[in-house]
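# Close look at the chain arrangement
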Amino acid sequence: MPMRAIPLLVALLLLALLWIGLGLNPRELPSPLIGKPTPSFSLPLLQGEGQFTDSSLQGQVSVLNVWASWCSTCRSEHRHLKTLQAAGLAVYGLNYRDEPDEAQHYLRQLGNPYRMVGWDGDGRVGIEWGVYATPETFIIDRHGIVRFKHIGPINQQIVDERILPLVQQLEAES
Amino acid sequence: MLVELGHFALVLALVLILLQGSLPVIGALRGRDSWMAMAGPLVWLQFALLLLAWLVLEWAFVSHDFSVLYVAMHSSLDLPLQYRISAAWGGHEGSMLLWVLTLSAWSVAVARFGRHLPLPFFALSLGVMGWVSAGLLGFTLFTSNPFERLLPAPLDGSDLNPLLQDPGMIFHPPLLYMGYVGFAVTFAFAIAALIQGRLAPEWARWCRPWAVTSWAFLTLGIALGSWWAYYELGWGGWWFWDPVENASLMPWLTGTALIHSLSVSDKRGGFRIWTLMLAIITFALTILGAFLVRSGVITSVHAFATDPSRGSFILALLAITLIGSLALYAWRAPKVGLGPSFAPLSRESMLLVNNVLLVVACATVLLGTLYPLALDVLGMAKLSVGPPYFELVFTPIMLPLLLLMGIGPMLRWGKHEGAMLWRSVWWMALVAVVLGLLWPLSMGGWGWLRALTLVLAAWIILSVASDIISRLRRGLSLPAARLGMHLAHLGVGVFVAAVAMVMSFEIEQDLRMAPGQSVEVAGYQFHFNALRRVDGPNYIAQQGSFMVTHNGRTLTELLPEKRIYDQSEMPMTQAALHRGLMRDLYVSLGEPLSLDSDEWIVRIYYKPYMTWMWAGCLLMALGGLIAIADRRYRRRREALA
């Protein structure tokens, strides 16, 4: 009897593991930045003179989108960034490992939803932000604290269910 | 209206299935023949209702009924007819219904071909299959109803996932489910035997055709999925050790162990309790697979849309399956003898090692698949386990298995003389070693692991050929079961040779190319002629034209595409292949390098022996299907009819 009950015990352990696992979300890759101030950085603007710095992101709730002209998924999410801009959000761009000419051409062609775009040609600032695949989208509150990170393209559902409610909530916070 | 009829048919089918799971079982326990005899008719009725529901769902797809949520999510006005039909199983809800329908079809097959079984065992088995059906249909109805309405109906649907708009995807799920649910039959036979508390001497023979058929379908289903991934994902890989692939590989491994252990139980009456256990584990692994794929507990490239209530439901099913059957096993496993004893060198001992190796292989896959989850549960880390782990642990388990595969079928039951074995294999071993060592040189390369693998592949192929030839020469008959086994083993040999070749000698080049440029890969010239725009029914594509020449002779024009589907805006890579007996040439378009120039990232792959890989899988499945045609299984039926 005890020998024959061993498979049952193993199965119970396995079930317990799966049961706890069900409560976790494997897609949620925790960003160490969440709840922390943005990394400090200073980048030349992609268009025009001046600098895009971490202080540009303070004073209002802002969205930071990491993109590049060579990234075809960025192209597919572009219209949702325009939706965010049209909704009155402060959308900023981090142009990641890109050629300035091609990036400018991309914005001329698809339209520019960004208030400011910093040019991160060598990807150093991207590393500070923990970027590992474009596109990525961050939401930063008015005190410059990172509150949300999404890896991969945003779509209407993410805009409606995650981004807009969070922005509203953050704007309601003093 | 029709849609409500489909929904109603599902509800009614569930009621009948609940009756199927109770009346015959009570009848068997109380010894009432009339109750037991109801199993057959109930099975036919529930099958008819499920088939009706399925046809209604197909009709909703064909007629563009976007008031059905599932149709609106997985179809569109522009979707071609063949993909509208296959879209019915292209999403979670419909694929569950297909699963339930397939299970029902298998129940009908048991009702039809199992009439020679003793009535109580027959009734109990169909009763257990009713429990399984009830669980899966309940899951479908309560958490994943494909007939849910969407009102007001949208004007157009959001289209089938472009990756699934492919002929390979039309057949992959049905074949896979044929395999999965087939193991529900052996499970039901095992549980019926446990409930009765005794294993009939013929139990293993009853199980064998069912187990082998399921195994053959599962083999085909997995191979077709791999074949699809190979050209459709555009990476040229054929196996990624993705959790969803592992979910189908695990029952395949234990299922392979099961069909081998069944042969010992059938022929010698040995390993019987172990065989029973394997039947339970194999079925439980198919449910575990459903859980991994459909609960969202593990990230995977092709996990279905997830919903926590679904995860809890399947986990409950898995828990009932495992706890119920293993508790029953602990409590009731009949005391049967170990069967006749056997010597260390005998067919039994080889099959024992076969079983141990296959089960260990399955355990390593399970470990690699669940390890990230376990660490996450313990809060230790978020990580994923990739191909390096699996290749490292899987290879050393498989190599001895291949060695034994060449010897096992030659050995006698009980005891085999070592000297006699040596006389019949020494020349084979010699030829295999020479062939295997020279084989890689034909590709202009060398390596110990690949040479060893090829020696083993040659060894298996030779042993199959020598047994067939010597039997024919001695005028012995070659029963279908033995021929089937040989074909399946030959398939393994061919498959293994292909794996060794493609892993060692494939050439993968990622290049920047613009129209007008040429490149040479593995002795083939690829000339990028032109890039043009092609409009498909529901997509727009950039199509590259590549002329392939070899030694100055034009081989073919390859037309890889980069498609953007209208509805999902999802970019899709459609690779172009030139398949040959000894190699595939594979071209796929990556990304355009920039908007102004017409330079693209182009992937050009040279893949040796890929045709052998698919041929190997086909041989395995074909071997299984031939084996079940053996007279031994039929004579039994005729004798008892």
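None of these values were measured; they are calculated from a predicted model. (Residues numbered from 1 in each chain as written. Chains lettered and ligands numbered in written order. Predicted model: local features only at pLDDT ≥ 70, side-chain atom pairs only at ≥ 80, totals over all residues.)

### So, the overall build of chain A
What chain A contains, in helices and strands, is five helices and seven strands. Taken from N to C terminus, the helices and strands of chain A fall in the order α-β-β-β-α-β-α-β-α-β-β-α. Scaling as 2.2 N^0.38, a compact globule of 174 residues should have a C-alpha radius of gyration of about 16 Å, whereas chain A reaches 20 Å, well beyond that. Across its three principal axes, chain A shows a C-alpha extent of roughly 80 × 40 × 30 Å. Among the 174 residues that make up chain A, the fraction classed as buried is 36%. (Helix = DSSP H or I, 4+ residues; strand = E, 2+ residues; numbered from the N terminus. Rg over C-alpha atoms; globule rule 2.2 N^0.38 Å. Buried ≥ 20, exposed ≤ 12 C-beta atoms within 10 Å, placed from the backbone.)

### Observations concerning the overall build of chain B
The secondary structure content of chain B amounts to 19 helices and ten strands. Against the globule reference of 26 Å for 641 residues, chain B gives a C-alpha radius of gyration of 26 Å, in line with a compact fold. Split into buried and exposed, the 641 residues of chain B put 50% on the buried side. Long-range pairs, those at least 24 residues apart, make up 74% of the contacts in chain B with a sequence separation of at least 6. (Contact = placed C-beta atoms within 7 Å.)

### Details of the packing of helix α17 (residues 480–505) of chain B against helix α18 (residues 610–627) of chain B
Packed helices, taken two at a time, are described by their axes: the angle between them and the distance between them. Residue and element names in this part refer to chain B. Orientation of α17 relative to α18, taken along the N-to-C sense of each, is 165°, at an axis distance of 7 Å. By the angle between their directions, the pair α17 and α18 is classed as roughly antiparallel. Relative to α18, the crossing made by α17 is left-handed. Of the residues contributing to the contact of α17 with α18, the split by class is 24 nonpolar, five polar and no charged. (Axes fitted to C-alpha atoms, helices over the stretch in contact; angles between N-to-C directions. Parallel < 35°, antiparallel > 145°, perpendicular 65-115°, else oblique. Left-handed = near helix turned anticlockwise from the far one by under 90°. Nonpolar A, V, L, I, M, F, W, Y, C, P; charged D, E, K, R; others polar.)

### Re the sheet that holds strand β6 (residues 136–140) of chain A
All names here are of chain A. Taken together, five strands build an open sheet; the order of strands is β5-β4-β3-β6-β7 and the sheet is mixed. Where the open sheet ends on each side, the last strands, each with one partner, are β5 (116–120) and β7 (146–151). Pairs of neighbouring strands in the sheet enclose a mean axial angle of 20°, with direction left out of account. Of the pairings in the sheet, the one linking strand β4 (residues 90–96) to β5 comprises five bridges and is parallel in character. If you follow L94 over to β5, its bridge partner there is G118. (Pairing = 2+ DSSP bridges.)

### Remarks on unusual backbone geometry
Residues and elements named next belong to chain B. Each neighbour pair has its own omega, and for L151 with P152 the value is 0°, a cis peptide bond. Although it is not a glycine, W241 adopts a positive phi angle of roughly 55°. Here W241 is to be found in the loop between α9 (203–232) and α10 (243–268). Backbone geometry at F271 places phi at a positive 55°, although glycine is not the residue there. Here F271 lies in the loop between α10 and α11 (272–294).

### Observations concerning the domain arrangement of chain B
Residues and elements named next belong to chain B. Under the domain assignment used here, chain B contains domain 1 (2–327 + 344–389) and domain 2 (507–611). The C-alpha centroid of domain 2 is placed 38 Å from the C-alpha centroid of domain 1. Each partner contributes residues to the interface: domain 1 has eleven residues there, and domain 2 has 17 residues. Of the residues that constitute the side of domain 1 that touches domain 2, the class distribution is five nonpolar, four polar and two charged. (Domains from an automatic or database assignment.)

### What to know about the pairing of strand β9 (residues 583–592) of chain B
Residues and elements named next belong to chain B. Among the ten residues in β9, seven count as buried, and that is most of the element. When strand β8 (residues 576–579) meets β9, the two strands line up antiparallel, connected through four bridges. Its bridge partner lying in β9, A576 is registered against V587. In sequence, β8 turns back onto β9 through a hairpin of three residues.

### Digging into the nonpolar core
Among the nonpolar cores identified, the biggest contains 198 residues, and A184 and A498 of chain B are the most heavily contacted of them. Examining the composition of this core, we find that 19 residues originate from one element, α9 of chain B, more than from any other. Residues lining this core come from more than one domain, with at least three contributed by each of domain 1 (2–327 + 344–389) and domain 2 (507–611) of chain B. Residue contacts for A184 of chain B: discarding those within four places in its chain leaves L103, W106, M129, V132 and F283 of chain B. Grouped together as the second largest cluster of nonpolar side chains are 37 residues, L57, L94, V117 and V146 of chain A included. (Core = buried A, V, L, I, M, F, W, Y, C linked by C-beta atoms within 7 Å.)

### Focus: the sheet that holds β8 of chain B
Residues and elements named next belong to chain B. Pairing within the open sheet is antiparallel, and its four strands lie in the order β1-β10-β9-β8. Edge positions in the sheet fall to β1 (507–513) and β8, since each has one partner strand and no second. Within the sheet, the average angular offset between the axes of one strand and its neighbour, ignoring direction, is 15°. Two elements, β1 and strand β10 (residues 600–608), share seven bridges in a ladder whose sense is antiparallel. Bridge pairing in β10 links E508 to Y605.

### Some thoughts on the confidence of the model for chain B
Residues and elements named next belong to chain B. Residues with a pLDDT of 70 or more make up 96% of chain B, whose mean pLDDT is 90. Mean pLDDT across the secondary structure elements of chain B bottoms out at helix α19 (residues 631–640), with 59, and peaks at helix α3 (residues 39–62), with 97. With pLDDT under 50 throughout, residues 637–641 is counted as low confidence; its partners more than four residues away or in other chains account for three contacts. This complex was scored by the predictor with a pTM of 0.84 and an ipTM of 0.84. (pLDDT = per-residue confidence, 0-100.)

### Considerations on the pairing of strand β4 (residues 539–550) of chain B
All names here are of chain B. Pairing geometry for strand β3 (residues 524–535) and β4, over eleven bridges, is antiparallel. Paired with H527 across the bridge in β4 is M547. Here β3 folds back onto β4 in antiparallel fashion, the turn holding three residues. Here β4 pairs with strand β6 (residues 561–565) via five bridges, running antiparallel. Pairing of Q543 across the sheet is with E561, part of β6. Of the strand pairs in this sheet, β4 and strand β5 (residues 553–558) are connected by five bridges, and their pairing is antiparallel. Note on β5: the bridge partner recorded for V548 is T556. In sequence, β4 turns back onto β5 through a hairpin of two residues, with N551 there showing a positive phi of about 50°.

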